[in-house]
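Structural characterization, general
Single-letter residue listing:
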Amino acid sequence: MTSKLTSRIAMTAAGVLAAATLPVFASAAPPSIPLLPDLDFGSLFPDTPPAGEAKLCDFTFAQPGGPTRTESVEVSVASAGEGKTKYVFRTQSVTVSPYTQAAAVTWANLDTGLSGGGYDSRTEAQISAGRTEITPPVQVVGKGRITVVASVSNVAGNATSYDDCTGEYTAS
């Protein structure tokens, strides 16, 4: 029976979990290595939204005044009563210089033709290192399929950055 050595490396979001050299025999099945649980390497929000909320979309943007650093935003939706929706922006920041963030939603009810939000939903907060939540005013969207553009604009001195994401959900 011939054998050869092979290297296996297990990765996590934080880096290398383990590296090992394992013998592999030509006439036998490779040794069984437990798999890591499914990890979402693209998200900086490892926990799910709180009960009653559903993730709508997420995005990253350049930190104003520090364009080599990126910040992340996750937007969730929750029912706020019949035909009403609450939107929550969660910004995960690594900034060393606080900045102002304005969050807003623009929505359209694809079943009724109603639309709203925009500047009227704009809500500002001071962002510093860590996690910050911004909750714009509850929107009366009606029942039906709702499409949304969730956006943030960020200002630090003379520097600005902007980005958005889109999503769709059904309001009841």
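Read on for a plain summary of the structure. (Residues numbered from 1 in each chain as written. Predicted model: local features only at pLDDT ≥ 70, side-chain atom pairs only at ≥ 80, totals over all residues. Heavy atoms only, no water.)

So, the overall build of the protein chain
In plain terms, the rule: Think of it this way: any DSSP run of H or I at least four residues long counts as a helix, any run of E at least two long counts as a strand, and we number them from the N terminus. Here, two residues are considered to be in contact whenever any of their heavy atoms come within 4.5 Å of each other. We get accessible surface area from the Shrake-Rupley algorithm with a probe of 1.4 Å; when it comes to residues, only the shown protein chains can shield them.
Looking only at helices and strands, the protein chain has 0 helices and 12 strands in total. Mapped in sequence order, the helices and strands of the protein chain form the string β-β-β-β-β-β-β-β-β-β-β-β. Sequence-distant contacts, at least 24 apart, represent 57% of the contacts inside the protein chain between residues at least 6 apart. When the accessible surface of the protein chain is summed, it comes to about 10,000 Å², and 55% of that surface belongs to carbon and sulfur atoms.

Looking at the pattern of salt bridges
As a reminder of what qualifies: A pairing counts as a salt bridge when a side-chain nitrogen of Lys or Arg comes within 4 Å of a carboxyl oxygen of Asp or Glu. Relative accessible area decides the class of each residue, using a 1.4 Å probe on protein chains only: under 20% of the type maximum gives buried, over 50% gives exposed, and in between gives partly exposed.
All told, the structure shown has 6 salt bridges when counted by the stated rule. Of the charged contacts, one joins Glu-82 and Lys-143 as a salt bridge, the two residues approaching to 3.5 Å between their closest N and O atoms. Taken together, the residues Glu-82 in the loop between strand 4 (66–79) and strand 5 (84–93) and Lys-143 in the loop between strand 10 (139–140) and strand 11 (144–156) connect sequence positions 61 residues apart. The class of Lys-143 is partly exposed, set by a relative accessible area of 48%. Its salt-bridge partner being Glu-168, residue Arg-145 comes within 3.2 Å of it at the nearest N-O pair. Here Arg-145 is found in strand 11, whereas its partner Glu-168 is found in strand 12 (residues 159–171), with 23 residues between them in sequence. Overlapping salt bridges bring together Glu-53, Arg-90 and Glu-133 as one network.

Digging into the nonpolar core
As a reminder of what qualifies: In these notes, a set of buried Ala, Val, Leu, Ile, Met, Phe, Trp, Tyr and Cys residues joined through side-chain atoms within 4.5 Å is what counts as a nonpolar core.
Counting 24 residues, the largest nonpolar core has Val-75, Tyr-87, Phe-89, Ile-146, Val-148 and Tyr-169 as its most contacted members. Contributing elements (two or more residues each) for this core: strand 3 (53–63), strand 4, strand 5, strand 6 (99–109), strand 8 (123–127), strand 11 and strand 12.

Focus: the state of the cysteines
Here, disulfide denotes a covalent bond that connects the sulfur atoms of two cysteines. Note the following rule: In plain terms, two cysteine sulfur atoms within 2.5 Å form what is called a disulfide here.
Applying the stated criterion to the full structure yields 1 disulfide. At a sulfur-sulfur separation of 1.9 Å, the disulfide partner of Cys-57 is Cys-165. The disulfide joining Cys-57 to Cys-165 has a torsion of about 50° about its S-S bond and is therefore right-handed. With Cys-57 in strand 3 and Cys-165 in strand 12, this residue pair connects regions lying 108 residues apart in the sequence. Of the two residues, Cys-57 and Cys-165, neither departs from the other in class, the shared state being buried.

Distances and angles like these do not, on their own, reveal function.
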